[in-house]
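Spelled out from the first residue to the last, the chains are:
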Amino acid sequence: MRNDRTRHEGPPSPPGLVNNTIEFSAVDGPGNRFVVFTQGCNLDCVACHNPYTINPCIDCGDCVVACPSGALSLDGAGKVVWDAGVCTGGDTCIDVCEYDSTPKARTLAVTDLAEQLRPAAPFLSGVTVSGGEATQQPAFVRALFTAVRAQFPRLTCFVDTNGDTDPATWDLLDGVMDAAMVDLKCLDDGIHRRITRASNARVLDSIRLLSARGKLHEVRLLLLEGVNDADDLLAATGRWLAAVDPAMRVKVIGYRDHGVRPSPVPLREPTAAQRAHYAEVLRAQGNFELVAV
């Protein structure tokens, strides 16, 4: 019988810059999942619920002065150091950061994450790497998924992604990733640029590529009332998705205010009736597996 604790000799796996982990999540892919949130994202979405995951810390030191528990300090090299044992768990450091970052992100080895995962593994369906943006650290994600497949072969490996990456990234992950969940912020490139500061060209290419490879679990549409939820735009989005796969799993997500930064774009939460209407408009365009939340 194979020993799950067996370590194989070879070059060390690349570490990852990790914001946080969640041992059990029912909202980050199918079933009950262990989730790794990476630090760093290549989009700057106005509706981001985790804006402190966008940038790595630049060691400016503002949070050190503001920390009420004394858990932050500057080392001899001028790097911000976080003492988790002293930290009382507040968000003052995040609140004072003007760079959309956190001093609490840490560099973790794949072996560290495997040991965190081990006691929970019998109760899990899989592992999801989210963010931030998982595809900004593809070598780390590949190494993590390789370890999961070797040590916990029953678990599936998913990526939660904004899709703004190139085919080479998906080629690198293809052999170890079971599927990806892709956020499509808007089919209209102009609106996409307005709400993410980037084009959607690579997002659309990723959706096509992953679907063709059988690696697309779902497309997620985050809808902002009065911004990207017009009926004609939703219908066009449905037609585009149906052309890729008319039976695609599509999740309609209504924008929520929680955790979002102040924005120059007016942001309003759609009502339950509006979210149901979004699903109706999309359903008319294809035989989608639709979920509205």
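**Student:** How should I be thinking about empty space enclosed by the protein in this particular structure?
**Tutor:** By rolling a water-sized probe across the atoms, one finds the places where empty space is left. For the structure shown, the criterion picks out 3 cavities of 30 Å³ or more. Volume-wise, the largest cavity comes out at about 100 Å³. In terms of lining, the largest cavity is formed by Cys 57, Ile 58, Asp 59, Cys 60, Gly 61, Asp 62, Cys 63, Val 96, Cys 97, Ser 101, Thr 102 and Pro 103. Here the lining of the largest cavity is composed, by residue class, of 7 nonpolar, 3 polar and 2 charged. Here the second largest cavity is characterised by a volume of approximately 60 Å³. What lines the second largest cavity is Leu 184, Lys 185, Cys 186, Leu 187, Leu 221, Leu 223, Asn 228, Leu 233, Leu 234 and Thr 237.

**Student:** I'm lost on the packing of helix α3 (residues 110-117) against helix α4 (residues 138-151) in this one. Help?
**Tutor:** Packing of α3 against α4 leaves a shortest axis separation of 10 Å and a crossing angle of 45 degrees. In terms of orientation, α3 lies oblique with respect to α4. Of the two elements, α3 crosses α4, and the hand of that crossing is right-handed. Contact residues: α3 offers Val 110, Leu 113, Ala 114 and Leu 117, while α4 offers Phe 140, Ala 143, Leu 144, Ala 147, Val 148 and Gln 151. Classifying every residue of the contact of α3 with α4 by side-chain character gives 9 nonpolar, 1 polar and no charged.

**Student:** Hey, could you run me through the packing of helix α8 (residues 231-244) against helix α9 (residues 272-283) in this one?
**Tutor:** Between two packed helices, both the angle of their axes relative to each other and the distance between the axes serve to describe the pair. It is at 8 Å that the axes of α8 and α9 come closest, and there the two elements cross at 45 degrees. The orientation of α8 with respect to α9, classified from their angle, is oblique. α8 and α9 meet at a crossing whose hand is right-handed. On the side of α8, the interface is formed by Asp 231, Leu 234, Ala 235 and Gly 238, while α9 contributes His 277, Tyr 278, Val 281 and Leu 282. Class assignment of the residues belonging to the contact of α8 with α9 gives a composition of 5 nonpolar, 2 polar and 1 charged.

**Student:** Explain the pairing of strand β6 (residues 126-130) to me, please; I cannot follow it from the model alone.
**Tutor:** Strand residues, when the strand is regular, have side chains that alternate between the two faces of the sheet. The buried fraction of β6 is high, at 5 of 5 residues. Residues of β6 alternate between two faces, with Gly 126, Thr 128 and Ser 130 on one and Val 127 and Val 129 on the opposite face, all of them buried. Of the strand pairs in this sheet, β6 and strand β7 (residues 156-161) are connected by 4 bridges, and their pairing is parallel. Opposite Val 127, over in β7, you have Cys 157 as the bridge partner. What joins β6 to β7 is α4, and the crossover it makes is right-handed.

**Student:** Would you explain the confidence of the model for the protein chain in this entry?
**Tutor:** When pLDDT is low, close inspection of the predicted coordinates is not appropriate. Mean pLDDT for the protein chain: 95, with 96% of residues reaching 70 or above. In this model residues 1-8 is a low-confidence stretch, pLDDT under 50, and it forms 10 contacts with partners more than four residues away in sequence or in other chains.

**Student:** How do you make sense of the layout of surface pockets when you look at a structure like this?
**Tutor:** For the largest pocket, the calculated volume is near 930 Å³. What lines the largest pocket is a set of 31 residues, among which His 49, Asn 50, Asp 160, Asp 183 and Arg 220 lie closest to the centre. Mapped by element, the contributors of at least two residues to the lining of the largest pocket are β7, β9 (216-223) and β10 (249-254). Split into classes, the residues belonging to the lining of the largest pocket amount to 12 nonpolar, 11 polar and 8 charged.

**Student:** How should the packing of aromatic side chains be read in this particular structure?
**Tutor:** For any two aromatic rings, the description comes down to two numbers: the centre-to-centre distance and the angle of the planes. Taken as a whole and assessed by the stated rule, the structure comprises 0 aromatic pairs. One Lys or Arg, Arg 33, reaches over the ring of Phe 158 and ends 4.5 Å from the middle of that ring.

**Student:** Can you help me understand unusual backbone geometry in this one?
**Tutor:** Glycine aside, the phi torsion of most residues is negative, and most peptide linkages are trans. Residue Gly 132 is reached from Gly 131 by a cis peptide bond, and omega for that bond is 15 degrees. Following the sequence through the fold, Gly 132 ends up in the loop between β6 and α4. For Asp 59, which is not glycine, the phi torsion reads 60 degrees and is therefore positive. In this structure, Asp 59 sits in the loop between β2 (33-38) and α1 (62-66). Phi at Arg 197 is positive, roughly 65 degrees, even though this residue is not glycine. Note that Arg 197 resides in the loop between α6 (189-196) and α7 (201-212).

**Student:** Just to check I follow, could you spell out the sheet that holds β2 for this structure?
**Tutor:** With mixed pairing, 9 strands are arranged side by side in an open sheet as β5-β1-β2-β6-β7-β8-β9-β10-β11. Sheet topology places β5 (106-108) and β11 (289-292) at the edges, where each strand pairs with a single neighbour. Adjacent strand axes in the sheet meet at a mean angle of 25 degrees when their direction is disregarded. With 5 bridges connecting them, β9 and β10 associate as parallel partners. Its bridge partner lying in β10, Leu 221 is registered against Val 252. Against the sheet, α4 engages β1 (16-25), β2, β5, β6 and β7, with an angle of about 155 degrees to β7.

About the criteria used
Residues numbered from 1 in each chain as written. Predicted model: local features only at pLDDT ≥ 70, side-chain atom pairs only at ≥ 80, totals over all residues. Heavy atoms only, no water. 1 Å grid on protein atoms, 1.4 Å probe; cavity = no way out; pocket = protein on both sides within 12 Å on 5 of 7 lines; lining within 4 Å. Points joined across faces, edges and corners; volume = space filled by probe spheres on them. Nonpolar A, V, L, I, M, F, W, Y, C, P; charged D, E, K, R; others polar. Axes fitted to C-alpha atoms, helices over the stretch in contact; angles between N-to-C directions. Helix = DSSP H or I, 4+ residues; strand = E, 2+ residues; numbered from the N terminus. Parallel < 35°, antiparallel > 145°, perpendicular 65-115°, else oblique. Left-handed = near helix turned anticlockwise from the far one by under 90°. Contact = heavy atoms within 4.5 Å. Buried < 20%, exposed > 50% of the residue type's maximum accessible area, 1.4 Å probe, protein only. Pairing = 2+ DSSP bridges. Right-handed = clockwise from strand over helix to strand, strands pointing away. pLDDT = per-residue confidence, 0-100. Phe/Tyr/Trp six-rings, centres within 6.5 Å; stacked < 30°, edge-to-face > 60°. Lys NZ or Arg CZ within 6 Å of the ring centre and 35° of its normal.

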